[in-house]
Every structure is written in C-alpha cells, then in structure tokens.
Amino acid sequence: MPRLIGLVFLVLVVFGPALGKDAQPLANDPALEKRLNNLSKELRCLVCQNETLADSQADLAEDLRREIREQMQAGKSDQEIINFLTQRYGQFILYRPQVTPTTYLLWFGPFVLLLAGLVILFKYIKQRRDLIEEQPLTVDQRKMAEDLLGSDSGKESA
Amino acid sequence: MLRYLLPLGIFIVLVVFLAIGLGRDPHEVPSPLINKAAPTFRLPQLKDPSKTFSAEEMRGKVWILNVWASWCISCRDEHPLLIEYAKSGAVPIYGLNYKDQRDNALQWLSELGDPYVLSAADEDGRVAIDYGVYGAPETYLIDKNGTIRFKQVGAVTPDVWEKTILPLAQELNRGTK
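Residues numbered from 1 in each chain as written. Chains lettered and ligands numbered in written order. Predicted model: local features only at pLDDT ≥ 70, side-chain atom pairs only at ≥ 80, totals over all residues.

### Some words on the interface of chain A and chain B
Interface size is often expressed as the accessible area that is lost when the parts come together. Each side of the interface is counted separately: chain A has 14 residues, and chain B has 12 residues. Secondary structure elements with two or more residues in the side of chain A that touches chain B: α3 (59-73) and α4 (78-89) of chain A. Among the elements that take part in the side of chain A that touches chain B, α3 of chain A stands out by supplying 5 residues, more than any other. Residue classes in the side of chain A that touches chain B are distributed as 6 nonpolar, 4 polar and 4 charged. (Contact = placed C-beta atoms within 7 Å. Helix = DSSP H or I, 4+ residues; strand = E, 2+ residues; numbered from the N terminus. Nonpolar A, V, L, I, M, F, W, Y, C, P; charged D, E, K, R; others polar.)

Structure representation (structure tokens):
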C-alpha cells in the first residue's frame, strides 16, 4: 500500500506540472520580456485586484500582457502603453496613480496627517514643559517654609 | 471639553469614511470611457462569419452593446432579462461574444434564446480591451453620435434597467439629452 501511494505521488510529481497551464511562450527578446515584466509589476490586474499584471494568471491579465508585448515590439514607450491602458481602464489599473486633483488626497493626505501629528506633539511637549518649569517661591512662601522648618535650616539654605 | 470632543469627532469621521468605503463594490471601477466615443471595431458576425459588424454602422441609432460569453456564469442570470428587454423593442441590443468558442456560443443562443439583433465574435478579446472590459457581462449604452453614455459592469438588474438605462435611452432617442 505505501508503495502504491509512493507511485501515485511520483506520477503526480513528474506529470503534475504538465497538467497545469502552459507557460506563455517567451518572446525571443529577453530585454523586452524584462521590460514587460517591470512594467506589468506597476499595473493592477482588474479581475483579481490585489495582484499585479505580472503575477496574475487571469485570462484578462494574459491578454493584457500580450497586448503590452505587442505594443513594445511596435516600438511604443512605456508611457504610451500606460496611456493606452488608462484610457481604457482608468487610473485604477496603476498601482501608483498619477498626481491629479482627484488623487491629491491620496498622495498628500498622509503627509498632512504627519504634519498635524507633529503640531499636536510639539504643542503637547510645550504644555508639559510649562507645567514642570521651576516656579521660584515668593517671599511669603519662603518665610512660611522657614518658619515651618525652623530658623536654622533657613540660614543654611540662604 | 475639547479634549474629549476632538478624538470623538475624528473617530466619527473615520467611521463614516470606513462605512462608505466598505459599502462600495470594489469591482465597480469608474470607466474613463463614459462620454467618450465608443471605440471602433469591425468583427465577424457570430452566426455568419462571412459577414462583419462594425460599430460605425450604428451611427444615428441609440443602441446597447452587451458583452457576453457562454462560459460566463452571470451572463446566464442576465440572459432572461435581456430577452425580455429585447422583446419590448425599446433599444436594440447587440452582442459582443467575448473570448468564446463559436460552437459553445451558438449552442447557448439556441438553448436560451437570442436577445441580440446580432452578435459580433471577439475571439481573442482585443475589442473588449478597447472597451475596457474586465468582467463579463458588461453593458454599454451608446448614443446616436457613437458616444458611450452609460456602462454597467456585471449583470444588468431590473432596477438598473428601469431607473437608468431605459429612461436614458428614451431621452437619447428623443434627442433631449
């Protein structure tokens, strides 16, 4: 019995990968594939939204990679390809959306929050400092203290 | 007083933002194609591949382009509604058969009925990329000038049809919008 399981396991290990999806044929140009890979890491797969176009196995991602590859072969620049995609799918396809009025909050919001936090922090520290600052005794208070402690201690401290 | 109200205020703002954010469907991505010209294409017709269909032919008409496929599960849910709407004759519905096999697509139409005036076969999905399709079914309402006026991602519901698509199509037909 263990032998049979071992055999099944062996068969799966050897032939299992063959059952999977065929790898996309690589273009003959490794430089272009590298460029494609770098660009598609910046792009979101719209079907499985938390994956990049580079990682996704969705059909649409494969089609889009094919499209990008063809446009690269046709000599289009990365920016032209990004424009092509955002015209169709919107800014959402970009993992780093462009800086436009609609994305100001997205880009600068964290810095605004950081600044607000710093302002509050400084105010708080200043307030604390005021609280612990040395307050010299008034003449009356000193006299009172001397009376309480006896006349000797008053002379020593003076 | 302020030292209690301020954190409370911030907390309420946060809750409102989260409530709105969580209530949204992340699959509904605003399409940049609204109020833009519908991309042109020329594709073979599904039923008779010797004939072609082009979006240009639809100039002067208000029409609906519905992206469907026999492998698409939500398309099956949407299908009876499309048949009903096609029968009403309010707007002609054209199909874009997306990355499908012709036999499967034809079988689907003969089994479930055919709401489409005709379907164009987009076998490799290139036209769908031009239309920014990322999840079939998708439905576009296109006006007489060939401008996309509305897009529905996912199945059309009676609610969307009655409250949005149909009134908009009627206005477009009257030329009041």
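That covers the picture; the talk isn't over yet.
### Some words on the nonpolar core
Grouped together as the largest cluster of nonpolar side chains are 57 residues, with contacts concentrated most on Ile64, Tyr98, Ala128 and Tyr140 of chain B. Residues contacting Ile64 of chain B, with those up to four places away along its chain left out, are Val91, Ile93, Tyr94, Thr139, Tyr140 and Leu141 of chain B. (Core = buried A, V, L, I, M, F, W, Y, C linked by C-beta atoms within 7 Å. Buried ≥ 20, exposed ≤ 12 C-beta atoms within 10 Å, placed from the backbone.)

### Observations concerning the confidence of the model for chain A
On average, chain A scores 81 in pLDDT, and the residues at 70 or more come to 78%. No element of chain A has a lower mean pLDDT than helix α7 (residues 151-157) of chain A, at 53, and none a higher one than helix α5 (residues 104-132) of chain A, at 91. (pLDDT = per-residue confidence, 0-100.)

### As for unusual backbone geometry
All names here are of chain B. Geometrically, the link from Ala136 to Pro137 is a cis peptide bond, its omega value of -5 degrees lying close to zero. If you trace the backbone, Pro137 turns up in the loop between α4 (126-130) and β6 (138-142). Unusually for a residue other than glycine, Asn35 sits at a positive phi of about 65 degrees. Structurally, Asn35 can be placed in the loop between α1 (2-23) and β1 (42-44). With 11 C-beta atoms counted inside 10 Å, the residue Asn35 sits in the exposed group. The phi dihedral of Lys99 falls on the positive side, at around 45 degrees, and the residue is not glycine. With respect to the helices and strands, Lys99 occurs in the loop between β4 (93-98) and α3 (102-112). Given 20 C-beta atoms within a 10 Å radius, Lys99 is considered buried.

### Points about the packing of helix α2 (residues 30-40) of chain A against α3 of chain A
For any two helices packed against each other, the geometry is given by the interaxial angle and the distance between the axes. Residue and element names in this part refer to chain A. In contact at an axis separation of 10 Å, α2 and α3 are set at 130 degrees when each is read in the N-to-C sense. Considering the angle they form, α2 stands oblique to α3. Viewed along their axes, α2 and α3 form a crossing whose handedness is right-handed. Of the residues in α3, those in contact with Leu32, Arg35, Leu36, Leu39 and Ser40 of α2 are Arg65, Ile68, Arg69, Met72 and Gln73. Grouping the amino acids of the contact of α2 with α3 by side-chain chemistry returns 5 nonpolar, 2 polar and 3 charged. (Axes fitted to C-alpha atoms, helices over the stretch in contact; angles between N-to-C directions. Parallel < 35°, antiparallel > 145°, perpendicular 65-115°, else oblique. Left-handed = near helix turned anticlockwise from the far one by under 90°.)

### Quick look at the pairing of β4 of chain B
Residues and elements named next belong to chain B. Along β4, 6 of the 6 residues are buried, which leaves the element largely enclosed by surrounding structure. Residues Ile93, Gly95 and Asn97 point to one face of β4 and Tyr94, Leu96 and Tyr98 to the other, with burial holding for every one of them. Where strand β3 (residues 63-68) lies against β4, 5 bridges are found, and the strand directions are parallel. Of the residues in β4, the one forming a bridge with Asn66 is Gly95. Crossover connection from β3 via helix α2 (residues 73-88) to parallel β4: handedness right-handed. In terms of strand pairing, β4 meets strand β5 (residues 119-122) through 4 bridges, oriented parallel. Bridged to Tyr98 within β5 is Asp122. You can see the chain leave β4, run along α3 and come back into β5, and the turn it takes is right-handed. (Pairing = 2+ DSSP bridges. Right-handed = clockwise from strand over helix to strand, strands pointing away.)

### Description of the pairing of β6 of chain B
All names here are of chain B. Of all 5 residues making up β6, 5 are buried, and the element is well covered by its neighbours. On β6, burial covers both faces: Glu138, Tyr140 and Ile142 on one face and Thr139 and Leu141 on the other are all buried. The pairing of β3 with β6 spans 5 bridges and is classified as antiparallel. Bridge pairing in β6 places Ile64 opposite Leu141. Looking at chain direction, β6 and strand β7 (residues 148-153) are connected through 5 bridges and run antiparallel. When the sheet's bridge partners are listed, Glu138 is paired in β7 with Val153.

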